Amino acid sequence: MISPSSSIMAVDSTLSSAVGASVSEKDAKALQFIEEMTKNVDSVQERILGEILSRNADTEYLKRFQLNGATDRDTFKSKVPVVTYEDLQPEIQRIANGDKSPILSSHPISEFLTSSGTSAGERKLMPTIHEELNRRQLLYSLLMPVMNLYVPGLDKGKGLYFLFIKAETKTPGGLLARPVLTSYYKSDHFKSRPYDPFNVYTSPNETILCPDSIQSMYAQMLCGLIMREEVLRVGAVFASGLLKAIRFLQVNWKQFAHDIETGTLNPKVTDPSVHECMSKILKPNPELAAFITKECSEENWECIITRIWPNTKYLDVIVTGAMAQYIPTLEYYSGGLPMACTMYASSECYFGLNLKPMCKPSEVSYTIMPNMAYFEFLPHDDSSAQDSSRDSPPRLVDLADLEVGKEYELIVTTYAGLCRYRVGDILRVTGFHNAAPQFRFIRRKNVLLSIDSDKTDESELQQAIENASVLLKEFNTSVVEYTSYADTKQIPGHYVIYWELFVKDAANAPTDEVLSQCCFQMEESLNAVYRQCRVADSIGPLEIRVVKNGTFEELMDYAISRGASINQYKVPRCVSFTPIMELLDSRVVSKHFSPALPHWTQNVVVEHTWYERKE
């Protein structure tokens, strides 16, 4: 038997100060598994690649590269190319059309997992196999044992999580195509999961599995209100989803209070399964209804989460990458509760977990578990690797050979048949846990905005907005949400940034001059090529368009009405689709332009332009 105390010390020496009581035997085994995986990273990775290549040796895709049964890394790297989704699209389309031959995987493709599809283009179809559910479940099973090291007593209450499914579609060949979380929630792994006191939700399965996202949200929020004293943690997949739930409460609290006072369910909730499960939970409670009316009728919603759910210990949401924009708003609603980012996953593959989940959002690092897939990394500053048109394969680095401080693009090889697939995530190595590198998610690889020779990515745009937001602090104002648009209808074209502001005191709102200075500050924060183009008048002054409150919620509703998953929805950081542009522009309350040219120095721009040309 594993000693709980030795297991705690094994996970991380810094954890010992966070642990009050000894861990359970079940948790100790999970922590020991993490230790074994992270101590033997290279050997585990070698084994994983060997298993994948051996079992898929007779697939059409791998036979194409004449591996001749080889399962070693050198042969694999020398013969199998690095690919994008577009490269695999013909094979994926054949599978979607019903071809059941072993094209990518020796095991039958059980379904397709769809990417969120809310940034641009059509949804990607990621092939998966039945056993991948076991790998995902394994990663889920490691989250609470780690969290229990930092937050005691989570078995004494429940989690209020806003979780949703999306109605799946079918490909021409009859395979299901659905978001990865829909696949998980509708699986027996989730629906028939064994009881775990550390993982009890306020939401019954029937409310999560309700295909109508509005009815689902209503029922889940109502359950959370009824069980308010039992809630120890509040969460959603992304920060945007939790804010959507808070906004939903703001709009519907009177109906919630009525339901609770009378013990009757809103007649707009028509799903039979939801009705049946709610009849067992919803009883008349005038005292609770009066409490909700008192709290929600107040104009000030600061600390509303801890006011309604007073025993909440932390928020469980992803606030890394583009989601970092939501941190100030979540802090406002929660009174500064910790925000735990527990895991790193995508439609292509589940990657790893955060071994210090209670750290500050700016310090979140994920440890990739080497048993999930075979991982390689494309150095992001390697110019020869950036050019995919060259005949020679790019120089990729193994998981065990990464260097602290450097940035890499993630490449995966999965059991389901993705081989050396470019995920598109840029990660920075922040340190190691045993022999396993730990990563900070930096950004998606794709460039967001470009007018001339400038290239502005999501990370750069967000940093510029954060810098400009500093000017709003003295007015108790913050940027709740934003998106952008490269307006090339005029000459010269210019960047348009849509801002939804949260103004705490309308009598002290930021002036037109201040918002114009925000435009200028954003330009000062952008890269040298952008600033050179501004000085050369090939890019016009940056524009901020302030939109009415609730605009981005309308944008989310529009995306969901067109089939986007409420679980995976992320505000697009750049927009060009005409109906979305019309929606945003119809809600504009003021426009502001940069009043001056940004600073630019010749030598910096020459160096940066040379780098851009290498790419």
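Just so it is clear, the structure is predicted and the values come from calculations on it, not from any experiment. (Residues numbered from 1 in each chain as written. Predicted model: local features only at pLDDT ≥ 70, side-chain atom pairs only at ≥ 80, totals over all residues. Heavy atoms only, no water.)

1. Quick notes on the sheet that holds strand 13 (residues 397-398)
So the rule is basically this: Between any two strands, at least two bridges found by DSSP are needed for them to pair. For helices the rule is a DSSP run of H or I covering at least 4 residues; for strands it is a run of E covering at least 2, with both sets numbered from the N terminus onward. Here a residue-residue contact requires only that any non-hydrogen atoms of the pair lie within 4.5 Å. Axis definition: a line fit to C-alpha positions, over the contact stretch in the case of helices; interaxial angles, taken between N-to-C directions, run 0 to 180 degrees.
If you walk across this open sheet you meet the 8 strands as 9-10-11-16-15-14-12-13, and the pairing is antiparallel. Looking at the sheet topology across the chains shown, the edges are occupied by strand 9 (343-345) and strand 13. Of the strand pairs in this sheet, strand 14 (residues 407-413) and strand 15 (residues 421-433) are connected by 5 bridges, and their pairing is antiparallel. Across the sheet, residue Tyr408 finds its bridge partner in strand 15, namely Leu427. The sheet contacts of helix 7 (residues 132-150) involve strand 9 and strand 10 (350-353), and relative to strand 10 the element is tilted by about 10°.

2. Comments concerning the pattern of salt bridges
The test is simple: Salt bridges are counted wherever a side-chain nitrogen of Lys or Arg sits within 4 Å of a carboxyl oxygen of Asp or Glu. To sort residues, take the accessible area from a 1.4 Å probe on protein chains only and compare it with the maximum for the residue type: under 20% means buried, over 50% means exposed, and anything in between is partly exposed.
Following the criterion strictly, the structure yields 37 salt bridges and no others. Ionic pairing is found between Asp155 and Lys156, a salt bridge with its closest N-O pair at 3.7 Å. Residues Lys294 and Glu295 are paired through a salt bridge, measuring 3.7 Å at the closest nitrogen-oxygen approach. Relative accessible area serves as the criterion here: at 49%, Lys294 is assigned to the partly exposed category. Relative accessible area serves as the criterion here: at 10%, Glu295 is assigned to the buried category. Each of the salt bridges in this network shares a partner with another, and the network as a whole consists of Asp42, Arg73, Lys77, Glu376, Asp398 and Arg420.

3. Considerations on the sheet that holds strand 6 (residues 231-238)
Across the sheet, 4 strands lie side by side as 3-6-7-8; this open sheet has parallel pairing. The open sheet has two edge strands, strand 3 (158-162) and strand 8 (339-340), and neither has a second partner. Bridge analysis of strand 7 (residues 314-318) against strand 8 gives 2 bridges, and the strand direction is parallel. Following the sheet pairing, Leu315 is matched in strand 8 by Met339.

4. Here's the deal with the UniProt feature "domain: GH3 C-terminal" (unreviewed entry) in the protein
What counts, and what does not: UniProt positions are given in the numbering used here, feature names are shortened, and annotations may be inferred rather than shown by experiment.
On the UniProt side, "domain: GH3 C-terminal" (unreviewed entry) is annotated at positions that read residues 460-577 here. Secondary structure content for residues 460-577 is 36% helix and 22% strand, while the C-alpha to C-alpha distance between its ends is 22 Å.

5. Focus on helix 3 (residues 41-55)
To be explicit about the condition: Take the number of residues in a helix, subtract one, and multiply by 1.5 Å to get its expected span.
Along its 15 residues, helix 3 runs 21 Å from first to last C-alpha, staying within 8% of the 21 Å computed at 1.5 Å per residue. If you check which residues of helix 3 are buried, you get Val41, Val44, Gln45, Ile48, Leu49, Gly50, Ile52 and Leu53. For helix 3, the secondary structure elements touched by its buried residues are helix 2 (25-39), helix 4 (60-63), helix 5 (73-79), strand 12 (374-379), strand 14 and strand 16 (436-444).

6. Quick look at the nonpolar core
What counts here: Among buried residues, the Ala, Val, Leu, Ile, Met, Phe, Trp, Tyr and Cys ones that are joined through side-chain atoms within 4.5 Å form a nonpolar core.
Within the largest apolar cluster, 167 residues are counted, with the highest numbers of intra-cluster contacts made by Leu249, Leu330, Phe375, Phe377 and Leu410. Counting residues per element, this core draws most heavily on helix 12 (residues 239-262), which supplies 11 residues. If we ignore the near neighbours within four places in the chain, the residues touching Leu330 are Ala239, Leu242, Leu243, Leu315, Val317, Val319 and Met339. Core analysis: the second largest hydrophobic core is formed by 28 residues, Tyr482, Ala486, Tyr530 and Ile544 among them.

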